[in-house]
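Chain residues, written in single-letter form:
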Amino acid sequence: MSSTRQTVHFPSSIHQIAAHLYYPPSSAPNRKNAAIVISHPMTGVKEQTSATYATYLGNAGFIALTFDAAYQGESTGEPRGLEDPHQRVEDIKSAVTYLSTLTGVVDSTKIGVVGICASGGYASYATASDSRIRALATVSGACVGRMTRCGGVHEHLSENPEAIAGALMAAAEWRKNKAQGQGAEVPLMFDAENVPHDADSFFRGAGQYYGTERGRHERSTQRVPPSSYDLMVAYDSFNFQHLIAPRPLLMIAGSEAETLHYSREAVRLARGPKELFVVPGKNHFDLYDGLEVSGPKLVEFFGGYLA
């Protein structure tokens, strides 16, 4: 038997969030009503890697909740695709609130969070300021603020005044055009189906996931309004990483991931219990659907600290 899925909705600020609640099969281990929120990557939707992890954790006995962030997927919010870090953090907290209301189904003292990619950063920020989250795990975690300020995700990049100025200029121009009713088209974050052979390795990996049957979904359009950039530029996921303690932190990343340095630095800043778990030979996107190593590690982690 496999976990079963129910469609649910809950409020987050002014938005209505569309979500899927996964229940363990009767044959699964008894996790004593422990539940896990799973938050999707930037430009993603709940039916992609979040669903893969929810199914795995559900089959291992945990109640799991996936959701479309505000402005994404089936949730409300305009402009579509907006990446608002503080709203994303609020969405995670609202998901925890929703789970905590499921009396008799979820033990509100046993709620954990998994954040994937950008949500690894959002979930870190949320956990630092929400004591209801009792354990945090991230997969291929990243910080959209640092990405914006540095002009990319690679470790060798540092804060770049030109990247910042360009991001702010793009945001300002797009906002002005919208206000004047010019209706500028939202640009692609990356063209997942037409990635050039000489493209940056991170974008090649993204194309291999989002642009193929591995991860393609009609509601994951890869279109991010430029007004997202002035929301991201002054945001940082890991500045308060030390506030997660004494709750446990696990950060999983591939040894070949361009984003590994985010997890390494975030674990360094945390106080513990903490662990950086590196999966040999895997890149950032390999862990979106390759759970052979990350899946059992998450079950071990949440089984030990929640259930």
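Since the model is a prediction, treat every value here as computed from it, not as a measurement. (Residues numbered from 1 in each chain as written. Predicted model: local features only at pLDDT ≥ 70, side-chain atom pairs only at ≥ 80, totals over all residues. Heavy atoms only, no water.)

A word on the environment of alanine 18
Turning to its location among the elements, alanine 18 is positioned in strand 2 (residues 15–23). Measuring from C-alpha to C-alpha, the distance between alanine 18 and threonine 66 comes to 8.7 Å, with 48 residues separating the pair along the chain. With residues near it in sequence (within four places) discarded, alanine 18 still touches Val8, His9, Lys46, Phe67, Asp68, Glu74 and Ser75. (Helix = DSSP H or I, 4+ residues; strand = E, 2+ residues; numbered from the N terminus. Contact = heavy atoms within 4.5 Å.)

Observations regarding the packing of aromatic side chains
As enumerated under the stated definition, the model contains 14 aromatic pairs in all. Note on phenylalanine 10 and phenylalanine 67: the rings are 6.2 Å apart at their centroids and 70° apart in plane angle, and the pair reads as edge-to-face. One end of the pair, phenylalanine 10, is in strand 1 (residues 4–12); the other, phenylalanine 67, is in strand 4 (residues 63–67), and 57 residues separate them in sequence. As far as burial versus exposure is concerned, phenylalanine 10 and phenylalanine 67 are alike and both buried. Ring geometry for tyrosine 209 against tyrosine 210: centres 5.0 Å apart, planes inclined by 85°, an arrangement best described as edge-to-face. Taking relative accessible area as the criterion, tyrosine 209 reaches 1% and is therefore assigned buried. Among the aromatic residues, ring-to-ring pairing joins Phe202, Phe203, Tyr209, Tyr210, Phe285 and Tyr288 into one connected group. (Phe/Tyr/Trp six-rings, centres within 6.5 Å; stacked < 30°, edge-to-face > 60°. Buried < 20%, exposed > 50% of the residue type's maximum accessible area, 1.4 Å probe, protein only.)

With respect to the packing of helix 2 (residues 85–100) against helix 3 (residues 118–128)
As a packed pair, helix 2 and helix 3 sit with axes 9 Å apart at the nearest point and diverge in direction by 70°. Here helix 2 lies roughly perpendicular to helix 3, going by the angle between them. Viewed along their axes, helix 2 and helix 3 form a crossing whose handedness is right-handed. Here helix 2 contributes Pro85, His86, Arg88, Val89, Ile92 and Lys93 to the contact with helix 3, which in turn contributes Ser119, Tyr122, Ala123, Tyr125 and Ala126. Partitioning the contact of helix 2 with helix 3 into residue classes produces seven nonpolar, two polar and two charged. (Axes fitted to C-alpha atoms, helices over the stretch in contact; angles between N-to-C directions. Parallel < 35°, antiparallel > 145°, perpendicular 65-115°, else oblique. Left-handed = near helix turned anticlockwise from the far one by under 90°. Nonpolar A, V, L, I, M, F, W, Y, C, P; charged D, E, K, R; others polar.)

So, helix 5 (residues 161–179)
A turn of α-helix holds 3.6 residues, and therefore any two residues three or four places apart point the same way. Its 19 residues give helix 5 an end-to-end C-alpha distance of 27 Å, which sits within 8% of 27 Å, the value for a rise of 1.5 Å per residue. Ala163, Ile164, Ala167, Ala171, Trp174 and Asn177 are the residues of helix 5 that are buried. The inward-facing, buried residues of helix 5 contact helix 4 (144–150) and helix 7 (229–232). In this structure asparagine 160 caps helix 5, since a side-chain oxygen of it lies 2.8 Å from the backbone nitrogen of glutamate 162. A positive phi of about 75° marks glycine 181, the residue just after helix 5. (Expected span 1.5 Å × (residues − 1). Polar contact = N/O pair within 3.5 Å; in protein donor to acceptor, adjacent residues only side chain to side chain.)

Things to note about the pattern of salt bridges
Across all of its chains, the model carries 20 salt bridges by this definition. For arginine 132, the salt bridge identified is with aspartate 130, shortest N-O distance 2.8 Å. For arginine 132, a relative accessible area of 29% gives the class partly exposed. Between aspartate 230 and arginine 175 there is a salt bridge; the shortest N-O distance is 2.8 Å. With aspartate 230 in helix 7 and arginine 175 in helix 5, the pair connects residues that are 55 residues apart, well separated along the chain. The class of aspartate 230 is partly exposed, set by a relative accessible area of 26%. It is possible to trace a salt-bridge network through shared partners that takes in Lys46, Glu47, Asp68, Glu74, Glu218 and Arg219. (Salt bridge = Lys/Arg side-chain N within 4 Å of Asp/Glu carboxyl O.)

Here we look at the confidence of the model for the protein chain
Mean pLDDT for the protein chain: 96, with 100% of residues reaching 70 or above. Element-level mean pLDDT values for the protein chain span from 92 in helix 6 (residues 201–210) up to 99 in strand 6 (residues 135–139). (pLDDT = per-residue confidence, 0-100.)

Overview of unusual backbone geometry
With omega at 0°, the peptide bond leading from glutamate 78 into proline 79 counts as cis. Relative to the helices and strands, proline 79 resides in the loop between strand 4 and helix 2. Look at the link from glycine 272 to proline 273: it is a cis peptide, with omega at 5°. Mapped onto the fold, proline 273 is located in the loop between helix 8 (260–269) and strand 8 (274–279). You will see that lysine 32, though not glycine, has its phi angle at about 55°, which is positive.

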